[in-house]
Amino acid sequence: MKKWIPIFLSALMITGCAGTSNNRTNTYRRISMDEAVTVMAQETGYIILDVRRPDEFAAGHIPNAINVPNETIGTAEIPELPDKNQLIMVYCRSGRRSTEAAEKLVKLGYTNIVEFGGILDWKYEIVK
């Protein structure tokens, strides 16, 4: 019996490693509001994506954000987001719609999505 334990463990490790590399999927990153502010200060060429309704966007949004409502993100290409490798930082009102939108964007093939919650937690300047 003791002879079989190392063989069994080796086989388990090999199968475990093979399974992980074959099941790799694209996903998005979730960061805090403060981390988002740091990224915005240090990076260039990113898009801030507000996925709230147009009336919510008009009432106040993060400076330089563009508005593509979550409800309009589906299976079609998004003209406002032509570069699928560009850093896209997604937010909404509370974080629920931005999470949904981030998941949909990943399914559409976007590779650099960062979700950072809702404007309710934004302590910085907003544009009206």
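Residue numbers here run from 1 along each chain, matching the order of that chain's written sequence. Reporting in this predicted model follows two pLDDT cut-offs: at least 70 for local features of residues, and 80 or more for side-chain atom pairs to be given and counted; totals over whole chains, interfaces and linings ignore these cut-offs and use all residues. Just so you know, side-chain values use all the structure's heavy atoms and leave hydrogens and water out.

J.: Can you help me understand helix H4 (residues 96-107) in this one?
T.: Turn by turn, an α-helix covers 3.6 residues, leaving residues three or four places apart pointing in a common direction. Runs of H or I in DSSP of at least four residues are treated as helices and runs of E of at least two as strands, each being numbered from the N terminus. Each helix should span, by expectation, one fewer than its residue count multiplied by 1.5 Å. With twelve residues, H4 should cover 16 Å at 1.5 Å per step; its first-to-last C-alpha distance of 17 Å lies within 8% of that length. Each residue is placed in one exposure class: buried if its accessible area under a 1.4 Å probe, protein chains only, is under 20% of its type's maximum, exposed if it is over 50%, and partly exposed if it falls in between. Residues Arg97, Ser98, Thr99, Ala101, Ala102, Leu105 and Val106 constitute the buried set of H4. Lining the buried residues of H4 we find strand E1 (29-30), strand E2 (47-50), helix H3 (54-59), strand E4 (88-92) and strand E5 (113-118). Looking one or two residues past H4, Gly109 carries a phi angle of roughly 105 degrees, positive in sign. Should any heavy atoms of two residues lie within 4.5 Å, those residues are counted as being in contact.

J.: For this particular structure, what's the right way to read the sheet that holds E2?
T.: Sheets are built from strands that pair by backbone hydrogen bonding, the pairs being arranged parallel or antiparallel. Strand pairing follows a simple DSSP-based rule, namely that at least 2 bridges must link the two strands. Taking strand neighbours across the sheet as the criterion, the five strands line up as E1-E5-E4-E2-E3 in an open arrangement whose pairing is parallel. In this open sheet, the two edge strands, each paired with only one partner strand, are E1 and strand E3 (65-67). Where E1 lies against E5, two bridges are found, and the strand directions are parallel. Paired with Arg29 across the two strands is Val114, which belongs to E5.

J.: Please explain the pattern of salt bridges as it appears in this structure.
T.: If the charged atoms of two oppositely charged side chains come close together, the side chains can form a pair. The rule for a salt bridge is simple: a side-chain nitrogen of Lys or Arg has to be within 4 Å of a carboxyl oxygen of Asp or Glu. On inspection of all chains with the given rule, the structure shows eight salt bridges. The salt bridge involving Asp50 is made with Arg52; its shortest N-O contact spans 2.7 Å. Grouping residues by exposure puts Asp50 and Arg52 together as buried. Between Arg96 and Glu100 there is a salt bridge, and its shortest N-O distance comes to 2.8 Å. With a gap of four residues between them, Arg96 and Glu100 both fall in helix H4, about one helical turn apart. Exposure remark for Glu100: the relative accessible area of 31% places this residue in the partly exposed category. Overlapping salt bridges, with partners in common, bring together Arg53, Asp55, Glu56 and Arg97 in one network.

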